Amino acid sequence: MTLRARIWGLLDPTSHGHAARRVRGLEILLILIGIFSVSAGTVDWIAPAARAVAASVTGIVAVLFFVGYLVRLWIAPENPRLYSTAESRSRLRWVVSAEGVIDLLAVIPAVAVASGGARLGAESASVFVLMWMPKLATHAPGVGLIARVFHNERSALGAAAALFMIVLLSAAAIAHWLEGERQPEHFGSIPASLWWAVVTLTTTGYGDVVPQTALGRVIGGVVMLCGISVLALLAGILATGFAEEVRRREFVRIWDLVARVPFFANVGAIAITDIVGRLRSRSYPAGAMVIRKGDVGDSMFFIVTGDVEVRIGPRTRVLRDGNFFGEMALLDRKPRSADVVTVTPCTLLVLDVSDFYQLAGQQPALIATIDSEAKRRRADDR
Ligand code: CMP
C-alpha cells in the first residue's frame, strides 16, 4: 500500500477504524485549541505574556490547518467518491466539494497572516473563529444527518417554503390595502408591510406594528393561524424525515452486522430484510451477565463478535461469533436454563420474543434450525 493510500485510510471521514477515529479526535482537539486561543486573545485583562502565547498557539494551529489542506489535496485521488482517470481532476473535485471549501475557509486566516494581509490578534479574532467554526461543525455528530434529512426532504420543504411565501406576500398585500391609508409609515407599500407579515406569520408578534382597522385585525388573526399551520407542516416534514433517515441508517448498520453472522448466510434477501428490521444491536464488556438462570425469557441473541460462556450448573460451554443463545426459554416457554456471561467484549444482535414468534410463522425453516440446535443442547444438558 502506498504512503498516500495509507494517509487516506487515516483521513477518510467515513472510516470507522481505530486509527482514523483517533486522527479525527485529534483534529477536533486542534480546532478547539485554536478557537480557545483565538478567543483568549480577545480578553482585555489577560497578561501580555499570556496573550503572546495565545497568539503563537493560534499561529501554530493555523499553520497546521494549512498543512492539513495540502495533505488532503494530495490524497484526494485516493477518495473513491472523487475518482477520475486524471489525478488533477480528482483534486479539483475535492477543492470544489463542501469539505474542500470548508477546509479552504479554515486556511484563509493562515494565508492572510503569512502574506501580511492581517495581524494575529484581537482584531482578526472573530474572522478566525468564524472561518474555523464550519470545520468544527463537519465533525459534530448529527450535522451529516441533518444535511441528509434536508436533502431527502428538499421537495417537501420546498413546497412548504412556497406555501409560506404565498401566504406572506398575500398577507403583506392585503395589509397594505387595508391599513395603508391609516398607517402609511408601516403599511405604505407592500415591501414595508412585509415586516408586519413576517412577524405575524412566524407568530413572533413584536407588537411594534399592529393593524388598526377591524378587518386588518381579522386578517392578522388568519395570518397567525396560517403561520402555525405552516410551521407545524415544516416540523412534521423534518420529524418524519429524521425518523426515516435514522431508521434507514440503523437498518444498514444491522444489515452489516447480520452479514457477519454465518447463521444467516443461507437466508434469502427478502427474508433477511424481514429479520434485519426486527434485530437490535447491543454491546457488552467482558464479564457481563447477559442471561441469568431462572429469569423470564424475553429475547434471544446472535453473537456478531466475541465469546460468551454458558454456565449450566458446574459445566460450561463457550459459544463464539456466529452462534446464538437464549432460544430455549422462548421455544419451551420456560425460565432461562443457564447463566450466560461474556468472556470478551461482545457485540450481540437481539431478537425480542414477540418478533421471534412472528418470525416462526414467516420463516419456519430458520426456526427449525434453531429448534434442532436447542434439542441437541437439551440432550447435552441432561
Ligand atoms: P435459555 O434457556 O433461554 O437461556 C440459557 C441459554 O444457554 C439457553 O437458552 C441456550 O441458548 C444456552 N445453552 C443451554 N445449554 C447449552 C449447551 N449445552 N450448549 C450451548 N448453549 C447452551
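Worth saying up front: this structure is predicted, and the values here are computed from it rather than measured.

Some points on the environment of Tyr83
And step 1. By secondary structure assignment, the location of Tyr83 is in the loop between helix H3 (48-75) and helix H4 (87-96).
And step 2. In the structure, Tyr83 is positioned 10 residues away from Arg93 in sequence and 8.9 Å away in space, judged by C-alpha atoms.
And step 3. The contact partners of Tyr83, leaving out residues within four places of it in the chain, are Ser90 and Arg93.

Here's the deal with the sheet that holds strand E5 (residues 315-319)
And step 1. With antiparallel pairing, the 4 strands of this open sheet are ordered in space as E2-E7-E4-E5. Both outer strands of the open sheet, strand E2 (289-291) and E5, are each paired with one neighbouring strand and no more. With direction set aside, neighbouring strand axes in the sheet form an average angle of 30°.
And step 2. Examined bridge by bridge, E2 and strand E7 (residues 339-342) share 2 bridges and lie antiparallel to one another.

Comments concerning the pattern of salt bridges
And step 1. Counted according to the given criterion, the structure contains 25 salt bridges.
And step 2. Across the pair Glu27 and Lys135 runs a salt bridge, and its minimum N-O distance is 3.0 Å. Of this pair, Glu27 sits in helix H2 (residues 18-40) while Lys135 sits in helix H6 (residues 122-139), and the two are 108 residues apart along the sequence.
And step 3. Exposure remark for Glu27: the relative accessible area of 12% places this residue in the buried category.
And step 4. Its relative accessible area of 5% is what places Lys135 among the buried residues.
And step 5. One salt bridge in this structure joins Arg72 and Asp103, with 3.6 Å as the shortest N-O distance. A residue pair is termed long-range when its members are at least 10 positions apart, and Arg72 in helix H3 and Asp103 in helix H5 (residues 98-114) qualify at 31 residues.
And step 6. The exposure class assigned to Arg72 is buried, which follows from its relative accessible area of 11%.

So, how was this worked out
Residues numbered from 1 in each chain as written. Predicted model: local features only at pLDDT ≥ 70, side-chain atom pairs only at ≥ 80, totals over all residues. Heavy atoms only, no water. Helix = DSSP H or I, 4+ residues; strand = E, 2+ residues; numbered from the N terminus. Contact = heavy atoms within 4.5 Å. Pairing = 2+ DSSP bridges. Axes fitted to C-alpha atoms, helices over the stretch in contact; angles between N-to-C directions. Salt bridge = Lys/Arg side-chain N within 4 Å of Asp/Glu carboxyl O. Buried < 20%, exposed > 50% of the residue type's maximum accessible area, 1.4 Å probe, protein only.

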